[in-house]
Amino acid sequence: EPEVTQTPSHQVTQMGQEVILRCVPISNHLYFYWYRQILGQKVEFLVSFYNNEISEKSEIFDDQFSVERPDGSNFTLKIRSTKLEDSAMYFCASMRATRTPLHFGNGTRLTVT
Amino acid sequence: AQSVTQPDIHITVSEGASLELRCNYSYGATPYLFWYVQSPGQGLQLLLKYFSGDTLVQGIKGFEAEFKRSQSSFNLRKPSVHWSDAAEYFCAVAFNTGGFKTIFGAGTRLFVKA
């Protein structure tokens, strides 16, 4: 069964550094998402992306965050200048169409020191 | 505003006992409802979904959930819990806001005792 894949599985970075989290959604999916889960807390919506543009973003997704679909397969989340509070598990998800469920990757654990 | 509430932070049941995890949502129209399960260090796996039709839906691993519009609820049930069911369970609701967004409840951690 096709899967959403995320790399790396764990990223450690210093405060103020830029990080790029990478995702390869399922190939025939059209809707792409990033979610964040701080340790022990709920899964929070960050951003949705459709037709090569952001559909919606949460208040968490400020100017330090950006997303890109640079080619037909990858979907990236960039954090320009990381803060300690950005430490979390970041999940990429994709969806074939509306009214279908999200498929999640296994996440990238980001640790900012 | 749309929201999902899971009132139980954690639940402990004995292996072989029945299970019910509660979920309430707030949304003005008919929601699309989901239950996901997350094992430690893993992503979220879809257990079941409700879009329309029969309000009792069956999912994987022997789980089922019932949509009750009058109570704005979508509770997850399993008649006999196995030790491998110990995990975090998330209720989610999806809706159209220009984009199509899914939001999650805070999760219920299930502990299974022998």
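Data block above holds the structure.
Residues numbered from 1 in each chain as written. Chains lettered and ligands numbered in written order. Predicted model: local features only at pLDDT ≥ 70, side-chain atom pairs only at ≥ 80, totals over all residues. Heavy atoms only, no water.

*Asks:* Quick rundown of the interface of chain B and chain A? Include the residues and the values.
*Replies:* Facing the 21 residues of chain B at the interface are 19 residues of chain A. Carbon and sulfur atoms supply 59% of the area buried between chain B and chain A, which totals about 1800 Å² over both sides. When the buried area of chain B at its contact with chain A is split by residue, B:Leu44, B:Phe100 and B:Phe104 rank highest and sum to 31% of it. The partner of A:Glu56 in a salt bridge is B:Lys101, and the shortest N-O contact between them spans 3.1 Å. Seen at the junction of chain B and chain A, the total is 8 residue pairs in polar contact (both at pLDDT 80 or more). (Contact = heavy atoms within 4.5 Å. Buried area = accessible area lost by both parts, 1.4 Å probe. Salt bridge = Lys/Arg side-chain N within 4 Å of Asp/Glu carboxyl O. Polar contact = N/O pair within 3.5 Å; in protein donor to acceptor, adjacent residues only side chain to side chain.)

*Asks:* So, the layout of surface pockets: which residues are in play, and what are the values?
*Replies:* Volume-wise, the largest pocket comes out at about 560 Å³. Lining the largest pocket are 24 residues, with A:Glu1, A:Phe104, B:Leu44, B:Gln45 and B:Leu46 positioned closest to its centre. Secondary structure elements with two or more residues in the lining of the largest pocket: strand S10 (103-104) of chain A together with strand S5 (32-38) and strand S6 (44-50) of chain B. Counting residues per element, the lining of the largest pocket draws most heavily on S6(B), at 5 residues. Here the residues of the lining of the largest pocket are counted per class, giving 13 nonpolar, 8 polar and 3 charged. (1 Å grid on protein atoms, 1.4 Å probe; cavity = no way out; pocket = protein on both sides within 12 Å on 5 of 7 lines; lining within 4 Å. Points joined across faces, edges and corners; volume = space filled by probe spheres on them. Helix = DSSP H or I, 4+ residues; strand = E, 2+ residues; numbered from the N terminus. Nonpolar A, V, L, I, M, F, W, Y, C, P; charged D, E, K, R; others polar.)

*Asks:* Outline the state of the cysteines, listing residues and values.
*Replies:* What the rule picks out here adds up to 2 disulfides over all chains. Bridging A:Cys23 to A:Cys92, the disulfide has an S-S length of 1.9 Å. Between A:Cys23 and A:Cys92, the S-S torsion sits near -65°, and that sign places the bridge as left-handed. A residue pair is termed long-range when its members are at least 10 positions apart, and A:Cys23 in strand S3 (residues 19-24) and A:Cys92 in strand S9 (residues 88-95) qualify at 69 residues. For the pair A:Cys23 and A:Cys92, one class covers both residues: buried. The disulfide partner of B:Cys23 is B:Cys91, and the S-S distance across this bridge is 1.9 Å. Note on the B:Cys23 and B:Cys91 pair: the S-S dihedral is about -65°, so by sign convention the disulfide is left-handed. Of the two residues, B:Cys23 is situated in the loop between strand S3 (19-21) and strand S4 (24-26) and B:Cys91 in strand S10 (residues 87-96); the sequence distance between them amounts to 68 residues. (Disulfide = S-S within 2.5 Å. Buried < 20%, exposed > 50% of the residue type's maximum accessible area, 1.4 Å probe, protein only.)

Remember that the coordinates give geometry; whether it matters functionally is a separate question.
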